[in-house]
Amino acid sequence: MRMTHITTGTIKAIILLAMCTFCFTACTSHYVTYTDSYYVTNATESDISLMTECSIVWDTCSTDNPQRVWFDSTCVVVRAGKTIRLYPVTREYKNNQAGDLLNVVPLIGKSTQLISDADTIIWRVKYPYMFTNDSVWSIYNTNDWQTTTDSILPYTYYHTFIINPKHIERSKE
């Protein structure tokens, strides 16, 4: 009789330990939410326009006025020395070992024109993702974006595309 009681207690302990192990491993996930915010900065002395193939939502990132105005258009006007933010801020649930992948294509489409004074630059991609190539200055070139991480929020990234006269001249060559 006594042997059966010890065995039953041992079996209960093993089952309890197995359930705790299962619950612990089920509650820990290797997947996290990555948050990407995209900005376009005009570092020229004149206003520029971005013409997109689809209507996009954007705002002026005004820090001095807490009331923001959102725009929904195919023509994004970026005033001289100002920055705009593209919407939506994208959130993707993925494995934290994968890292952050820059991809502005779902926000602006596969074709964009930059209009600055008398210059018009046309950027296109064939596939719905960005490329890496130092020879072509483009909003679709990952090398032409500056990425910073948030100092407080984990897995939060801020991507900024800077338009300046040097970049515009580089694209015309």
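The following refers to the structure shown. (Residues numbered from 1 in each chain as written. Predicted model: local features only at pLDDT ≥ 70, side-chain atom pairs only at ≥ 80, totals over all residues. Heavy atoms only, no water.)

1. Here's the deal with the overall build of the protein
Next, step 1: Summing up its helical and strand segments, the protein has three helices and eight strands in all.
Next, step 2: Here the protein holds 173 residues, and the buried ones make up 35% of them.
Next, step 3: Considering only intrachain contacts with a sequence separation of at least 6, the fraction spanning at least 24 residues in the protein is 62%. (Helix = DSSP H or I, 4+ residues; strand = E, 2+ residues; numbered from the N terminus. Buried < 20%, exposed > 50% of the residue type's maximum accessible area, 1.4 Å probe, protein only. Contact = heavy atoms within 4.5 Å.)

2. Thoughts on the pairing of strand β5 (residues 111–116)
Side chains on a regular strand alternate between the two faces of the sheet.
Next, step 1: Pairing geometry for strand β2 (residues 48–59) and β5, over five bridges, is antiparallel. Following the sheet pairing, I48 is matched in β5 by S116.
Next, step 2: As judged from the six bridges shared by β5 and strand β6 (residues 119–124), these two strands associate in the antiparallel manner. From the neighbouring strand, S111 faces β6, where its bridge partner is R124.
Next, step 3: Count of turn residues in the β5/β6 antiparallel hairpin: two residues, of which D117 carries a positive phi of about 55 degrees. (Pairing = 2+ DSSP bridges.)

3. Side note on a nonpolar patch on the surface
Next, step 1: On the surface, I11, I15 and M19 cluster together to form a nonpolar patch covering roughly 290 Å² of accessible area.
Next, step 2: Mapped onto the elements of the fold, I15 is located in helix α1 (residues 2–27). (Patch = residues over 30% accessible without salt bridge, like charges linked within 9 Å, V, L, I, M, F, W, Y side chains within 5 Å. Areas by Shrake-Rupley, 256 points an atom, 1.4 Å probe, with all protein chains shown as cover. Salt bridge = Lys/Arg side-chain N within 4 Å of Asp/Glu carboxyl O.)

4. Here's the deal with the packing of aromatic side chains
Next, step 1: Scanning the model with the defined rule gives 11 aromatic pairs in all.
Next, step 2: Between Y34 and Y157, the aromatic rings sit 6.0 Å apart at their centres with planes inclined by 10 degrees, giving stacked as the arrangement. One end of the pair, Y34, is in strand β1 (residues 31–42); the other, Y157, is in strand β8 (residues 156–163), and 123 residues separate them in sequence.
Next, step 3: Taking 4.5 Å as the distance between ring centres and 25 degrees as the angle between the ring planes, the aromatic pair formed by W58 and F71 counts as stacked. Separated by 13 residues along the polypeptide, W58 in strand β2 and F71 in strand β3 (residues 70–78) bring together distant segments of the chain. (Phe/Tyr/Trp six-rings, centres within 6.5 Å; stacked < 30°, edge-to-face > 60°.)

5. A closer look at unusual backbone geometry
Next, step 1: The omega torsion across Y87 and P88 is 0 degrees, close enough to zero to call that bond cis.
Next, step 2: Mapped onto the elements of the fold, P88 is located in strand β4 (residues 83–95).

6. Description of the environment of L50
Next, step 1: Looking at where L50 falls in the secondary structure, it is placed in strand β2.
Next, step 2: A relative accessible area of 4% means that L50 is categorised as buried.
Next, step 3: Separated by 70 residues in sequence, L50 and T120 place their C-alpha atoms 9.7 Å apart.

7. Things to note about the pairing of β1
Next, step 1: With 10 of 12 residues buried, β1 lies mostly within the body of the structure.
Next, step 2: Both β1 and β4 contribute to a ladder of 10 bridges, which runs antiparallel. Bridging across to β4, T41 finds its partner in T83.

8. As for the environment of Y87
Next, step 1: As for its placement among the helices and strands, Y87 is situated in strand β4.
Next, step 2: C-alpha of Y87 to C-alpha of S37: the two residues are 50 residues apart in sequence and 7.9 Å apart in space.
Next, step 3: Apart from residues no more than four positions distant in its own chain, Y87 is found in contact with V57, W58, D59, W70 and L107.
Next, step 4: A polar side-chain atom of Y87 sits 3.1 Å from a polar atom in the side chain of D59. (Polar contact = N/O pair within 3.5 Å; in protein donor to acceptor, adjacent residues only side chain to side chain.)

9. Focus: the environment of W137
Next, step 1: Among the secondary structure elements, W137 is positioned in the loop between β6 and β7 (145–149).
Next, step 2: Taking the C-alpha atoms as reference points, W137 and I168, separated by 31 residues in sequence, lie 8.0 Å from one another.
Next, step 3: With near-sequence residues (within four places) excluded, W137 lies in contact with L114, I121, W123, D144, F161, I162, I163, H167, I168, R170 and S171.

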